[in-house]
Each structure stands twice: as structure tokens, then as C-alpha cells.
Amino acid sequence: MRELARAVRVTERAVQHWEAGTHVPAGRAFGRLLRALGCDAQDLFVRQRGTETLEELRRDAGLSAAEACRAIARKRGGAAFSPERRKLRELERGQVVRSREWETPEGAGRLVRLLAQVYGVPERVITDAWRRTRPAGAVPLLPERAAREASPAAAQAWEALNSRQRTYLTCIFQQDQEAEEDQRHRRLLGGTGRKAVEWRRMDLALYAPPEFVGHTRIQSRLRQEGVHDPGAGSSVAALERRGLVVTYRDRVYVQGLGEVRRTRVELTRRGRAVARRALGVVREKGPPPPLMSQWLWRILVRVALAGSAGVDGSLAGRGPHFLAVGRSPDGRSPARGFIELRHPDGAEHGPYRWFVTESGMRHIRDHLDAYRELYPDVDADRIGLSHEETSAGPQRA
């Protein structure tokens, strides 16, 4: 108890009160308590991920209202909001903020971006908490991010490669992009994708006669370019020295041959950037925040259309990790809190089913027209705009 009190910078008496349940940690102490215990608010309280309010996000960050305002003022463009404790508390209580910059959609969008930086969470987390806190207020309109110009260093790195090394990098990049597209397609179809750490590591060479093991996809690409090397020699070593790829060597079992040596390769971020710059590949832009990918929008629409019947609790894939109350896509940031797994209304037993939450219906109402334009292939025309028409009940924390 003494060690915890010292780490959180409070008295032992305060820790005693917390453990007895007679007091709740205050703003600054709360954030320090989470860091000291290495956990998040969901581990300590009934509150679940995906139900946070603006005030709770500030407390999770370990900031008082005054400290948060000072941090906002230090950010680029933050001083324009004249941040004050009174204004922030009005914002967190869902009250009218007596400042035009805080109440317009454009101003709210810029403030969302600032709060995300100050609290150390994604912008979508702030946007969702904003709409839970201020359901009758303006919908934040986040400013578009300026397009990044290609790094001159990427061009220089490409120029430093010889012809053979460029061929290797190109073929590895093409296979990497094919694997990425395959994972995206799996998610769109509702399947379960693999972790990036798994599919980004690609087979480069199997050290066995090709009449038994064939050629890897990368070797096949290299052969089309006139390179018939096993694919694990000096050219790959040169790419690895330059920080463009990482190689892994292990053994894999092959039927009829037993264990065979294998080399796998993975592009680094730098390697991907160099290849994109050299090949003129423009990175596909995701949907503008706070909109979701087509894959997640399709899942939300499906649950919303199910209404009071709900959707089978075995909803496939990783969608719930991104959408459901109590979940997290990365173990740190909360999910959107747009769907929840529970018994149907009036039932205390039986199977659990997925239902849309109030927060999920609000997101649909806020952005339905934008989604229809962005993803015309998703049939959302039957979604009613009133929560009562399609939701099975209020969100439960």
C-alpha cells in the first residue's frame, strides 16, 4: 500500500479509502493509478470500453480540467480556443459552451483533434465520447489532413540500389501488397484475418529441389523478371543492411522430405515507403474520420437491421473487437461501442445476441448519408433514423 501511494503521489489513507470503496480516485490521481497498476479503467470499474465520456477520457489521461486546458493551449492552433477550465467543464457536462469556437461543427472537429493529442487516444475515441456526452450538440467535423509528400530520403534510398536489388525489392513489395489485399478481402467477406505479423512474413526460399517444393510466390515473380536465383543471397542481404527488409530463417516440414530449411522475408516500413515512392504507388486513403471501413460499416448495418431480433452471438471475425462495448482492437484503445452482446429484452436466460447501442444508432444517424455515398454497395436503405425503430434497447455500461 505504501508503494502504491508513493507511485500515485497520494497518502496511504487515500489508498485505504479506494480499497474500501468509500472514495473514488480524483482526476490526476486516477491516471497515475492506471499507469502504476498497468491496467485501464475497465479493469477497476464497472465502466466498459466503448462507453467513455469526455470527462472520463480526461481522468484516464491523469489530467485535471485546468491541466488539460494548459496542454491544449500549448498545441498548434490550441490558443485560438482560449481554453479555460470553465469551458472544458461545460463541454464535459453537455452544457452550452459560451464560445463560438467550441460549438460549431468545424470548431468541434479541431478541438477533437487537439483533445486526442492531449489525452493520447485516437481521434475516433474522442469523437465517440463527444457524441455520448453531447448528443444534442453539433457533430464534430474533423479537418482533412494534408496529403504527405513523398520523402526525398525514399528516392535517395532507391537510387542507391543496383538493378538487381531493385528487382528484388519490387517483387517483394508486390507480394506484400497482394497479401494485404487478400486480408482486406477476407475482412469484407466477414472472415477472420490473420495478424499482420504473420502474413507480412512471406516465404522467400525453400532449400529443397523445386520438383518437390516448387517455387515460392516471390521466386515466381523474380523468374518472370529473369532472376533465377534461390532468392536468399547477396541482393537480399544488401536490402537488409539498408533497413528495407528483415529476413527470418527456420525449418518447415515438407511431406516426403521431412524438415527443410526456409528463408522468410518481411518489408520494413522504410522498405515499403521506398518501393511505393519508386513505383509511383499511392497509398490508398481510408475513410475520413470518424467514418469506418466498409467491412465494419457492413457489420453495423447488419446488426442495426436485425432490430429487436438481434444477430447471432457467434458474429464472425474480428469485427466485435472494433465495434463492441467492452472490447478493444489493440488491447489499449477502446472499441467504438456501437454494438453489444446481451440477452434479448425480457429474457434472462438463453443465448446472447448482438444488438446496436444508442451510441451506434447515433453514429448511423450522424453519418448515414456519407456512408451511402462512400459505400453504395452496402444496402443501408432500410435503416430507420429513429433509435426506437431499430434498436433493441438502451446501451448498458
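Residues numbered from 1 in each chain as written. Predicted model: local features only at pLDDT ≥ 70, side-chain atom pairs only at ≥ 80, totals over all residues. Heavy atoms only, no water.

As named in an unreviewed UniProt entry, the protein is HTH cro/C1-type domain-containing protein, taken from Streptomyces paromomycinus.

J.: What am I meant to see in the side chain of His367 here?
T.: Structurally, His367 can be placed in helix H20 (residues 358-374). Beyond its immediate stretch of four places on either side in the chain, His367 contacts Val139, Pro290 and Leu291. (Helix = DSSP H or I, 4+ residues; strand = E, 2+ residues; numbered from the N terminus. Contact = heavy atoms within 4.5 Å.)

J.: Looking at this structure, how should I read the packing of helix H9 (residues 105-119) against helix H10 (residues 123-133)?
T.: Here H9 crosses H10 at 120°, and the two axes come no closer than 8 Å. Classified by the angle between their axes, H9 and H10 sit oblique to one another. The element H9 and its partner H10 pack so that their crossing is right-handed. The residues of H10 that touch H9, namely those facing Ala108, Leu111, Val112, Arg113, Leu115, Ala116 and Tyr119, are Glu123, Ile126, Thr127 and Trp130. (Axes fitted to C-alpha atoms, helices over the stretch in contact; angles between N-to-C directions. Parallel < 35°, antiparallel > 145°, perpendicular 65-115°, else oblique. Left-handed = near helix turned anticlockwise from the far one by under 90°.)

J.: What is the right way to look at unusual backbone geometry in this model?
T.: Look at the link from Pro289 to Pro290: it is a cis peptide, with omega at 5°. Located in the positive-phi region is Arg9, a residue other than glycine, with phi close to 65°. Here Arg9 shows up in the loop between helix H1 (2-8) and helix H2 (12-20). Although it is not a glycine, Ser82 adopts a positive phi angle of roughly 45°. You can see Ser82 is positioned in the loop between helix H6 (65-74) and helix H7 (85-92). Residue Ser82 is classed as partly exposed on the basis of its relative accessible area, which comes to 40%. (Buried < 20%, exposed > 50% of the residue type's maximum accessible area, 1.4 Å probe, protein only.)

J.: Could you clarify how one ought to interpret the nonpolar core in this entry?
T.: In a soluble, globular protein the nonpolar side chains are often hidden away together inside. If you look at the biggest cluster of nonpolar residues, it comprises 27 residues, and the most contacted ones within it are Leu88, Leu91, Leu111, Leu115, Tyr119, Ile126 and Trp130. At the level of secondary structure, the elements contributing two or more residues to this core comprise helix H5 (54-60), H6, H7, H9 and H10. The element best represented in this core is H9, accounting for eight residues. Among all residues touching Ile126, those that are not within four sequence positions of it are Leu54, Leu57, Val112, Leu115, Ala116, Tyr119 and Val121. One finds Leu296, Trp297, Val303 and Leu315 within the second-largest nonpolar core, a separate group that totals 26 residues. (Core = buried A, V, L, I, M, F, W, Y, C linked by side-chain atoms within 4.5 Å.)

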